[in-house]
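# Fold and contact review
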Amino acid sequence: MSDVSAEAAAQPGNPTIFFDGVSSRRRKVALTFGDALEILEEGEAQDQQPISRWAYADIRRADSPAGLLRLACTSAAPLARLEIRDASVAAELTARCTRLDEHQTTRRGTVKIVGWSLAAAVSIVCVVLFGVPLAADRLAPLVPKPIERRIGDAAEVQMKTIFGRGACDDPAGQAAFAKLVNRLRDVAGLDESMTAAVLPTGVPNAFALPGGKVFMLKGLLDKAQSPDEVAGILAHELGHLRHHDNMRGLIYNGGTSFLIGLLFGDVTGSSAVIFASRSVVEASYSREAETGADTFAIETMHALGRSPKPAAELMFRITGKEGGSGFTILSSHPLTEDRLARMTKEDRPASGPPLLTDAEWHALKGICGGSGKI
């Protein structure tokens, strides 16, 4: 045993307890202070070899309640602990252990932690505001068509659960609708995988799903007064398809969860539900996406030799009568005076043939049954 400059034996009322970090045994010990702290079994002879020997530089303070000094040692077993209840022994040991609180967070360390925390928070905000939208813009056109179709199929199931029943199937009405859709599709440059249907619900709305699916609701068709009005609305939805707006919105709204699901093939589960609830029912595109779809509709109608103004008039007619219902075309296509003014500014005299004959228009109005109303 090394020479000691002081010796402290645990007093009966304030025993010093040692845990070796290997077993759960609770051992009463005595301490001797020399060139290192020596821990001896209480009651052993003074020449007894110590249980453990801790260098003062390796001793660190551990969490403990008031009135107890609990210590650990970096060179001992990780779970080894020394518990000192005698104030004089604690004071002696504290004076010798110059690095006792070295592992504790200092004021400078606190500032550093706060700084890094703020930097992390700013990074997260930047990712949300800039990184995710940028990723959505880049990734949306790259999503394979089979995956888009799977998402569209899942969203269609959700949508039909909301609106119920199947698509309107009057043969003459279907033929007229197919003629109108095909003319728009050819001018828009979309392939034949693009499909469209009319659903028998009184809600005046229309929307596009991933995978080339477009649905018009009967409520919108009932309020239309000409084929050009319907064509302009459909052209707007084709613009969303052409620009991958629905996929971009899904990636943006679904964020990391959707990207992970996309990587592991889970695109028909929770991610599809997110899409169905946000992008189909609410159909909330960004203002930039709406402006782009409007531009696409204007260009498409001009290519057909028709005016885009009737579509704006239909939207104004709907929002003027039902804008307060919260579930009209206004919810998915926010109409403003600037938007209506833009469509009016792009108005041109018809230079192309009518999109449908009177008989075909009459049949389209009756696609969900009945004679239809002109």
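Residues numbered from 1 in each chain as written. Predicted model: local features only at pLDDT ≥ 70, side-chain atom pairs only at ≥ 80, totals over all residues. Heavy atoms only, no water.

### As for the overall build of the protein
What the protein contains, in helices and strands, is 13 helices and 11 strands. Restricting the contact set of the protein to residue pairs at least 6 apart, pairs at least 24 apart contribute 63%. (Helix = DSSP H or I, 4+ residues; strand = E, 2+ residues; numbered from the N terminus. Contact = heavy atoms within 4.5 Å.)

### Looking at the nonpolar core
Within the largest apolar cluster, 37 residues are counted, with the highest numbers of intra-cluster contacts made by L180, L184, L234, L238 and L364. When residues of this core are traced back to their parent elements, those giving at least two are α4 (171-188), β10 (206-209), β11 (213-217), α5 (218-223), α6 (227-242), α9 (287-303), α10 (309-322) and α13 (358-365). At seven residues, the largest contribution of residues to this core is made by α6. In contact with L180, other than residues within four places in its own chain, are P227, V230, A231, L234, L355, L356 and L364. The next biggest cluster of nonpolar side chains, apart from the first, holds 20 residues, and it includes I39, W54, Y56 and A80. (Core = buried A, V, L, I, M, F, W, Y, C linked by side-chain atoms within 4.5 Å. Buried < 20%, exposed > 50% of the residue type's maximum accessible area, 1.4 Å probe, protein only.)

### Structural notes on the sheet that holds β10
If you walk across this open sheet you meet the three strands as β9-β11-β10, and the pairing is mixed. Here the strands that pair on one side only, and so sit at the sheet edges, are β9 (195-199) and β10. Strand-to-strand, the axes of this sheet are offset by a mean angle of 20°, without reference to chain direction. Bridge analysis of β9 against β11 gives five bridges, and the strand direction is parallel. What sits directly across from A196, in β11, is V214. Each of β10 and β11 is contacted by α6, which is oriented at about 150° to β11, the strand it contacts most. (Pairing = 2+ DSSP bridges. Axes fitted to C-alpha atoms, helices over the stretch in contact; angles between N-to-C directions.)

### Looking at the state of the cysteines
Tallied over the entire structure, the rule returns one disulfide. The partner cysteine of C168 in its disulfide is C368, sulfur to sulfur 1.8 Å. Between C168 and C368, the S-S torsion sits near 80°, and that sign places the bridge as right-handed. One end of the pair, C168, is in the loop between α3 (145-163) and α4; the other, C368, is in the segment after α13, and 200 residues separate them in sequence. Of the residues examined, C168 reaches a relative accessible area of 6% and is grouped as buried. Here C73 is not disulfide-linked; the sulfur of C97 is the nearest cysteine sulfur, at 9.2 Å. C97 gets classed as buried once you look at its relative accessible area, which sits at 4%. (Disulfide = S-S within 2.5 Å.)

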